[in-house]
Amino acid sequence: MQFSKLLDYIFMTKMISNAIENIKSIAKNNKKRLFFTFSLVTLENILFITYPVFGGFAVNAIMNGDVLLSLSYSLLVLIIWGIGAARRAVDTRSFARIYAELAVPVIINQREKGLNISAITARVALSRQFVDFFEQHLPTLIMSSFSIIGAAIMLLWLEFWSGITACLILVFFGLLLPKYSKTNDLLYLKLNDRLEKEVNVIEQKSNYHLNKHYDWLAHLRIRLSNREASGYLWIGIASAILFGVTVVNLATTKGVQAGHIYAVITYLWTFAISLDDAPRLLEQFSNLKDIGKRVEV
């Protein structure tokens, strides 16, 4: 049993190392594109994490009849969405070029290894997911990290016990993370093994083997989906506890301003919604770890 665990550990360590090396290689070869893109991502997220405070000021200004201060919130919204629009425009240009430059070396590398067309086709398609990581998942990871940590800090400042509850929730899910990730790694190993054989199955196998192949793919994807749904439910339970603690504190505190309530509730939703991205991001990283073992970019 101990030897089996050691082999699992070595295998997973190698997968992680390969994935990280591939990600570092893409980052190194595209420094300027990625620096500009993620500078916009960072700026966008800093503004997102501070807007509930400004929203709270705006709510209080509205209740006091201060039109000019209230309108300043509209300006902040315009700035946030302007930066977001610029970031999305830059994304497509940058990552389309990165994938175009990535695909050919992958094909040549796999040919030199003597792989068949089925495996090469699958690995070229899989390599696209490294680009997707930078284009879709890394911005989401940055946004979620900013939002989760930022919301917890702001809750500690605005409503101390709500902030403590948020921190305890993070510790709880952190303890569950290793086992959750290990199961995801195994499922993506099986899924990508099947996808590499897909062209060969379509070309050479009987109807029985085709049905068996796609039934097995469906089974694996359903298992992954069920795990994501389970994670979503646990996050929902944790979020309900956090909301409950906060609402009780606010209801039993006298003289609370409407702007304060708005800011606190907004940070609660920011924390909960960002935490909800975690299962999907963990699945994607498990997939990348397995792809990194197969594809050198």
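Thresholds applied
- Residues numbered from 1 in each chain as written.
- Predicted model: local features only at pLDDT ≥ 70, side-chain atom pairs only at ≥ 80, totals over all residues.
- Heavy atoms only, no water.
- Helix = DSSP H or I, 4+ residues; strand = E, 2+ residues; numbered from the N terminus.
- Contact = heavy atoms within 4.5 Å.
- Areas by Shrake-Rupley, 256 points an atom, 1.4 Å probe, with all protein chains shown as cover.
- Axes fitted to C-alpha atoms, helices over the stretch in contact; angles between N-to-C directions.
- Parallel < 35°, antiparallel > 145°, perpendicular 65-115°, else oblique.
- Nonpolar A, V, L, I, M, F, W, Y, C, P; charged D, E, K, R; others polar.
- Polar contact = N/O pair within 3.5 Å; in protein donor to acceptor, adjacent residues only side chain to side chain.

The helix and strand tally for the protein chain stands at nine helices and zero strands. Secondary structure elements of the protein chain occur, N-terminal to C-terminal, as α-α-α-α-α-α-α-α-α. Across the protein chain, the fraction of contacts at a sequence separation of at least 24, relative to all contacts at a separation of at least 6, is 84%. Of the roughly 16,800 Å² of accessible surface on the protein chain, 67% is carried by carbon and sulfur atoms.

This part is about the packing of helix 7 (residues 207-251) against helix 8 (residues 258-275). It is at 10 Å that the axes of helix 7 and helix 8 come closest, and there the two elements cross at 170°. What the angle tells us is that helix 7 and helix 8 run roughly antiparallel. Between helix 7 and helix 8, the residues in contact are Ile 235, Ser 239, Leu 242, Phe 243, Thr 246 and Leu 250 and His 260, Val 264, Ile 265, Leu 268, Trp 269, Phe 271, Ala 272 and Leu 275, respectively. Within the contact of helix 7 with helix 8, the residues separate by chemical class into 11 nonpolar, three polar and no charged.

If you trace the backbone, Ser 162 turns up in helix 5 (residues 160-196). One polar contact links Ser 162 to Thr 246, side chain to side chain, over a distance of 2.6 Å. In contact with Ser 162, not counting residues within four places along its chain, are Leu 155, Leu 242, Thr 246 and Asn 249.

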